[in-house]
Amino acid sequence: MRKIPNNGNLKMAYPLGLFVCLFIYVAYIKWHWASATQAFFSITEVATGARRGQQAHSPTRPSGRGHAVFYGIMFDAGSTGTRIHIFQFAQQPRETPTLTHETFRALKPGLSAYADDAEKSTQGIQELLDVAKQEIPFDFWKVTPLVLKATAGLRLLPEEKAQKLLQKVEEVFKASPFLVGEDCVSIMNGTDEGVSAWITVNFLTGSLKAPGRSSVGMLDLGGGSTQITFLPSTEGTLQTSPAGYITSLQVFNRTYQLYSYSYLGLGLMSARLALLGGVEGQPAKDGKELVSPCLPPGFKGEWEHAEVTYRISGEKASNPHELCAHRVSEILRGKVHRTEEVKHVDFYAFSYYYDLAAQVGLIDAERGGSLVVGDFEIAAKYVCRTMETHTQSSPFVCMDLTYVSLLLQEFGFPGNRVLKLTRKIDNIETSWALGAIFHYIDSLRRPKGPAN
Ligand SMILES: O=c1[nH]cnc2c1ncn2[C@@H]1O[C@H](COP(=O)(O)OP(=O)(O)O)[C@@H](O)[C@H]1O
Ligand SMILES: [Ca+2]
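Remember, predicted model here, so these are calculated numbers, not experimental data.

1. Considering the domain arrangement of the chain
Part 1 of the argument: Domain boundaries assigned for the chain yield domain 1 (54-188) and domain 2 (190-430).
Part 2 of the argument: Taking only C-alpha atoms into account, the centre of domain 1 sits 27 Å from that of domain 2.
Part 3 of the argument: In this assembly, 17 residues from domain 1 lie in contact with 20 residues from domain 2.
Part 4 of the argument: In this assembly, domain 1 packs against domain 2 so that about 1,300 Å² is buried in total across both faces, 67% of it on carbon and sulfur atoms.
Part 5 of the argument: Considering only the surface of domain 1 that becomes buried against domain 2, Arg155, Leu156 and Met188 emerge as the three largest contributors, covering 35% of it.

2. Comments concerning the state of the cysteines
Part 1 of the argument: For the coordinates displayed, the defined rule picks out two disulfides.
Part 2 of the argument: In this model, Cys294 is linked to Cys324 through a disulfide, with the two sulfur atoms separated by 2.1 Å. For the disulfide bridge between Cys294 and Cys324, the dihedral angle about the S-S bond is near 105 degrees, and by the sign convention the bridge is right-handed. Placement of the pair is Cys294 in the loop between strand E11 (290-292) and strand E12 (300-305) and Cys324 in helix H8 (residues 320-332), with a sequence separation of 30 residues. Here the two residues Cys294 and Cys324 agree in accessibility, since each one is buried.
Part 3 of the argument: One disulfide bridge connects Cys384 with Cys398, the sulfur atoms lying 2.0 Å from each other.

3. Some details on the nonpolar core
Part 1 of the argument: One finds Leu219, Tyr353, Leu408, Phe411 and Phe413 to be the most contacted residues of the largest nonpolar core, which totals 60 residues.
Part 2 of the argument: The dominant element in this core, judged by the number of residues it contributes, is helix H11 (residues 397-411), at 10 residues.
Part 3 of the argument: Ignoring any residue separated from it by four or fewer positions in sequence, one finds Leu219 in contact with Gln227, Ile228, Phe347, Tyr348, Ala349, Phe350, Tyr353, Leu408, Phe411, Phe413 and Leu419.
Part 4 of the argument: Core analysis: the second largest hydrophobic core is formed by 36 residues, Phe87, Phe89, Leu434 and Tyr440 among them.

4. Here's the deal with the environment of Gln91
Part 1 of the argument: Looking at where Gln91 falls in the secondary structure, it is placed in strand E3 (residues 82-91).
Part 2 of the argument: The exposure class assigned to Gln91 is buried, which follows from its relative accessible area of 3%.
Part 3 of the argument: Between the C-alpha atom of Gln91 and that of Val69, which follows or precedes it by 22 residues, the distance is 6.4 Å.

5. As for the site of ligand 1
Part 1 of the argument: Among the 20 residues in the neighbourhood of ligand 1, the closest are listed as Thr80, Arg83, Thr151, Asp355 and Glu429.
Part 2 of the argument: Between Thr80 and ligand 1, the recorded distance is 2.6 Å, taken from a side-chain N or O atom to an oxygen atom.
Part 3 of the argument: Coverage of ligand 1 by the protein chains reaches 88% of its 550 Å² of free accessible surface.
Part 4 of the argument: In terms of residue class, the shell around ligand 1 is built from three nonpolar, 12 polar and five charged.
Part 5 of the argument: Counting the residues that make up the shell around ligand 1, at least three belong to each of domain 1 (54-188) and domain 2 (190-430).

6. Digging into the layout of surface pockets
Part 1 of the argument: Approximately 710 Å³ is the volume attributed to the largest pocket.
Part 2 of the argument: Along its surface, the largest pocket is lined by 28 residues, and Ser79, Ser112, His305, Ala306 and Glu307 are the ones closest to its centre.
Part 3 of the argument: Those elements that provide at least two residues to the lining of the largest pocket are helix H7 (268-276) and E12.
Part 4 of the argument: Across the lining of the largest pocket, the residue classes break down as 11 nonpolar, 10 polar and seven charged.
Part 5 of the argument: The two domains that each donate at least three residues to the lining of the largest pocket are domain 1 (54-188) and domain 2 (190-430).

What counts, and at which threshold
- Residues numbered from 1 in each chain as written.
- Chains lettered and ligands numbered in written order.
- Predicted model: local features only at pLDDT ≥ 70, side-chain atom pairs only at ≥ 80, totals over all residues.
- Heavy atoms only, no water.
- Domains from an automatic or database assignment.
- Contact = heavy atoms within 4.5 Å.
- Buried area = accessible area lost by both parts, 1.4 Å probe.
- Disulfide = S-S within 2.5 Å.
- Helix = DSSP H or I, 4+ residues; strand = E, 2+ residues; numbered from the N terminus.
- Buried < 20%, exposed > 50% of the residue type's maximum accessible area, 1.4 Å probe, protein only.
- Core = buried A, V, L, I, M, F, W, Y, C linked by side-chain atoms within 4.5 Å.
- Near = heavy atom within 4 Å.
- Polar contact = N/O pair within 3.5 Å; in protein donor to acceptor, adjacent residues only side chain to side chain.
- Areas by Shrake-Rupley, 256 points an atom, 1.4 Å probe, with all protein chains shown as cover.
- Nonpolar A, V, L, I, M, F, W, Y, C, P; charged D, E, K, R; others polar.
- 1 Å grid on protein atoms, 1.4 Å probe; cavity = no way out; pocket = protein on both sides within 12 Å on 5 of 7 lines; lining within 4 Å.
- Points joined across faces, edges and corners; volume = space filled by probe spheres on them.

Written out as structure tokens, the structure is:
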């Protein structure tokens, strides 16, 4: 006959049960931690001071086929949109992981558009999180790190507004079933953004794993900021670059001294605003119309940027490209550091470089392609000359092409330098998100310590 415990026994059974559950949970976490201390992406950004101190959880799970499978979720809170990257990795014992799959979704506008109504920002985040729940098997949820990093849009906001938005996202993350650390939501610094994108392209092109293979440089043109990152091979570049341009990075047990810089305010949308004579986050004085020779003459319209709507119009000029180029030069004057070495490095370019080249047919919109830097100038001259008669899908093409062409010249690229424009390599988005999740998972696997 089954013994029915009396009330006194029940009182003892509950704390005991709780203790056993706690013990199993701690043992489970420890087991994950042990399996994760094998070689991984040993990335240590020395100069940029990566944050440490998260809980030492490991997100790996044996698959039953000899390799461990794990996932990572990275949100990219960009100035023009929020994107989720859901990465699936496989790892053989004592080997470096391979990326087996990525799910990518994006929505607009960016988080910064909710600066005055932070409550509203969470709906989109929740929708993207639902995608993660559909993609990641249920039993992986609590060991899958969930991270959001914001870029230029939030960097350009007043601190208080940016923090409020981040706090809202953090609340949503903490209520989710995924693994969230204290630093799960943050504004990424510009150098981390450039370096992470460099890791992504060089991981996807194979140069990080094959030490003899030469690396490629990375150009990213966002809405609010733009990044340039490459591995210099001459001492001269390392020695003549200003403070803040050289970052030491350790990845796959190799140390790289990278040239990397992020120019806040030189993203394409911020540049448009500057060229129109507007000020970030502020409506035009007395609703004044902003006029530019970079817009088609006779054009009148409205343009929304950072939640402000501006009245804009074109201006007649005998040589619109020349005048527009002059305005762009004024915006860029003294802002961009030039290195000789970019002339000899192979670069991948993405984001608005890609979108713009695809828009005017310099590359295939789906597959991407290569072009020479001078193609942007040729296209700019043609588009600016014909913008009055040419039916344009966007009034900004002359302005954008002129800006991109001069920005690349300011970086030091000669007209005949080839750029590879790509949105994906091996079906993975070429964005900083992959490099950043490597870095984050790596930080989870390092023991806490003041030196870290
Ligand atoms: O993962 C991605 N896949 C495809 N395009 C992306 C991705 N991340 C950013 N972009 C592109 O970035 C540009 C917008 O930049 P973003 O909104 O990220 O500004 P920011 O980097 O200055 O904050 C657009 O051209 C958008 O298509
Ligand atoms: Ca971006």
